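Letter by letter, the chains look like this.
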Amino acid sequence: MPESNLKNVTAAAQIADRLREQIKNFEISSETAERGIVRDVGDGIASIAGLAHAKSLELINFESGAKGVVLNLEHDRVGAMILGDWKFVSAGQAAQSTGKIMSIPVGDEIIGRVVNPLGEVIDGRPQFKVKKDMPIERVAPGVMTREPVNVPLATGIKAIDAMIPIGRGQRELIIGDRQTGKTAIAIDTIIKQKDTGVICVYVAIGQKESKVAKIMQKLKETGAMEHTVIVIAGASDPASLQYIAPYAGVAIAEYFMEKGKDALVVYDDLSKHAWAYREVSLLLRRPPGREAYPGDVFYLHSRLLERACRLNKENGGGSITALPIIETQGGDISAYIPTNVISITDGQIFLESDLFYKGIRPAINVGLSVSRVGGSAQTKATKKVAGQLRLDLAQFRELEAFAQFATDLDETTKKQIERGRRTVEVLKQGQYEPMSMSHQVCILYAVTRGYLDTIPTDKVKDWEAGFHAHLDLHAETLITEIADKRTLEPEIEEGIKKAIADWNKTFSG
């Protein structure tokens, strides 16, 4: 047989063997997908007929390539919210159900990245490796899986750590008018989590892109981006993305909580989130209620914030701490959305415009601010030095108002007012300057025990700055001991007194 014919026979035999192998391993599989037709589209909402088996929050693929989420289930159609640009979706297009509930891709590599609420990277760097898809909407952990909140989450802000302590797993509301420093408190808290093992998620809802860019730059400068994820649904993004943004943020945090880690989520801010949801609901023709919000606007935020908790050891021991931000109008905390969120959270930090314009920053109104976790989430050292601080400040505010009308005051009242003024000066703190717990204990001990009573009020900030520098240079052992023991033992107290006395000699000289 000629050589060419032999080669042909061999090749044919090999092809036949491959065909037999493929026939042997052939499996019949069938995939069904429900298809519907878009009836009408407008302002990011599509009405679709033919998706009889669609589920709430199910993802839908449109013929144009756009994606949508089912929100309304009606007897002859479904109402879907189009994610992203809806201008390419038109009536008559096909829409296909995916059978998947909306989720966000998450992995360890998401830390340090900037993503949109769909999990798509928007920082110009390559897409991270996906480890898991976390559902956007999820039932909050049950009561039996939770642990009491008793581990401190330091913010580095003296006024908060001393009087309104926050614990891991808590939900503490930051509330106030615009431009009173709400975001500044949240960013300082994120910066303070460096080297603590807490993963931070900053969710920007309806914020200006320029503002978010500045925040990102500051986090990079301070090294805080190494433990932070930024989720952006900016002012130019459609209401649909602003609506799902906080749920995407908490889904990212839940990924780390399930791994036994601690996470912190900042929602900046939930007022704009409620506005976005109101817009989507009205476009879906849901009946409006008070202030045109839909009837389930309370559930909108309660199901989000209830996902923040501290799990017990049997369930991994991780935690999510939530810092929602709410913007008020004219300091009115009795408005619809503020009262809703106040009733859901475990306390609030109320920032007052008048205090802010007086130069008292952070502009915290101690009377209206509260932490319902209280001293449980505070170190023993801080609790001991700051125990009377809140009461002293409240009394000072009353006496100061009274002193404006009184001509003659007794010595005790004068001393209280003078100490109150020095306390207010000490509690002032610059932005992006979070302070360690040890330094806080030392300065609060000095002011509450009367060691600053002889220092002129206008020199208190200079005295404090020098005192912190003195501690770093000459009292390193004391600072380390406070940080390690977290209690105010007699020898530590003596060490603080000695450090104050040594610094007073230098300062007066």
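Residues numbered from 1 in each chain as written. Predicted model: local features only at pLDDT ≥ 70, side-chain atom pairs only at ≥ 80, totals over all residues. Heavy atoms only, no water.

Running from N to C, helix H11 (residues 389-403) and helix H12 (residues 411-427) point in directions that differ by 120°, and their axes come no closer than 9 Å. The orientation of H11 relative to H12 falls into the category oblique. Once H11 is placed against H12, the crossing between them reads as left-handed. Along its contact with H11, which presents Leu389, Leu393, Gln395, Phe396, Arg397, Leu399, Glu400 and Ala403, the element H12 presents Thr413, Gln416, Ile417, Gly420, Arg421, Thr423, Val424 and Leu427. Here the contact of H11 with H12 is composed, by residue class, of eight nonpolar, five polar and three charged. (Axes fitted to C-alpha atoms, helices over the stretch in contact; angles between N-to-C directions. Helix = DSSP H or I, 4+ residues; strand = E, 2+ residues; numbered from the N terminus. Parallel < 35°, antiparallel > 145°, perpendicular 65-115°, else oblique. Left-handed = near helix turned anticlockwise from the far one by under 90°. Contact = heavy atoms within 4.5 Å. Nonpolar A, V, L, I, M, F, W, Y, C, P; charged D, E, K, R; others polar.)

For the rest of this paragraph, the subject is the side chain of Thr413. Tracing the backbone shows Thr413 in helix H12. Reaching out from Thr413, the side chain makes a polar contact with the side chain of Asp410 at a distance of 2.8 Å. (Polar contact = N/O pair within 3.5 Å; in protein donor to acceptor, adjacent residues only side chain to side chain.)

For helix H13 (residues 437-448), built from twelve residues, the straight-helix expectation of 16 Å at 1.5 Å per residue is met to within 8% by its first-to-last C-alpha distance of 16 Å. With twelve of its twelve residues buried, H13 lies for the most part within the structure. Those residues of H13 that fall on the buried side of the exposure criterion are Met437, Ser438, His439, Gln440, Val441, Cys442, Ile443, Leu444, Tyr445, Ala446, Val447 and Thr448. (Expected span 1.5 Å × (residues − 1). Buried < 20%, exposed > 50% of the residue type's maximum accessible area, 1.4 Å probe, protein only.)

What follows concerns the sheet that holds strand E5 (residues 78-83). Here six strands make up a closed barrel; going around it, the order is E1-E2-E5-E4-E3-E6 and the pairing antiparallel. Within this sheet the neighbouring strands show an average axis-to-axis angle of 45°, counted without direction. Pairing of strand E4 (residues 67-73) with E5 involves six bridges; the strand directions are antiparallel. Bridging across to E5, Asn72 finds its partner in Gly79. (Pairing = 2+ DSSP bridges.)

This brings us to the sheet that holds strand E8 (residues 114-115). Taken together, eight strands build an open sheet; the order of strands is E8-E12-E11-E13-E14-E10-E15-E16 and the sheet is mixed. Of all strands in the sheet, those bounded by a partner on one side alone are E8 and strand E16 (370-371). Its contacts with the sheet place helix H3 (residues 182-192) against strand E10 (173-176), strand E11 (198-205), strand E12 (228-233), strand E13 (262-268), strand E14 (319-327) and strand E15 (347-351), and it is angled at close to 160° to E14.

Quick look at the pattern of salt bridges now. Evaluated as defined, the whole model comprises 31 salt bridges. The salt bridge involving Asp262 is made with Arg168; its shortest N-O contact spans 2.8 Å. Pair noted here: Asp262 is in strand E13 and Arg168 is in the loop between helix H2 (158-163) and E10, with a separation of 94 residues, a long-range link. Residue Asp262 shares its accessibility class with Arg168, and that shared class is buried. Each of Lys132, Arg138, Glu254, Glu258 and Arg307 takes part in salt bridges that share partners, so that together they form one network. (Salt bridge = Lys/Arg side-chain N within 4 Å of Asp/Glu carboxyl O.)

By the definition in use, this model includes two cavities of 30 Å³ or more. For the largest cavity, the calculated volume is near 100 Å³. As for the largest cavity, its lining consists of Ala159, Met163, Ile360, Pro362, Ile364, Val366, Leu393, Arg397, Val424, Leu427 and Lys428. Where the lining of the largest cavity is concerned, the elements lending two or more residues are H2, H11 and H12. Forming the boundary of the second largest cavity are Leu57, Val69, Ile101, Met102, Ile136, Glu137, Tyr243, Ile244 and Tyr247. For the lining of the second largest cavity, the leading source of residues is helix H5 (residues 239-257), giving three residues. Broken down by class, the residue content of the lining of the second largest cavity amounts to eight nonpolar, no polar and one charged. (1 Å grid on protein atoms, 1.4 Å probe; cavity = no way out; pocket = protein on both sides within 12 Å on 5 of 7 lines; lining within 4 Å. Points joined across faces, edges and corners; volume = space filled by probe spheres on them.)

Look at helix H6 (residues 270-283) against helix H7 (residues 297-305): their axes get within 10 Å of each other, and the N-to-C directions meet at 130°. Judged by the angle between their axes, H6 and H7 are oblique. Classified by chirality, the crossing of H7 by H6 is right-handed. The residues of H7 that touch H6, namely those facing Leu270, His273, Ala274 and Tyr277, are Leu300, His301, Leu304 and Leu305. Across the contact of H6 with H7, the residue classes tally to six nonpolar, two polar and no charged.

A surface patch of nonpolar side chains, amounting to about 310 Å² of accessible area, comprises Ile15, Leu19 and Ile23. Using a relative accessible area of 46% as the deciding quantity, one classes Leu19 as partly exposed. (Patch = residues over 30% accessible without salt bridge, like charges linked within 9 Å, V, L, I, M, F, W, Y side chains within 5 Å. Areas by Shrake-Rupley, 256 points an atom, 1.4 Å probe, with all protein chains shown as cover.)

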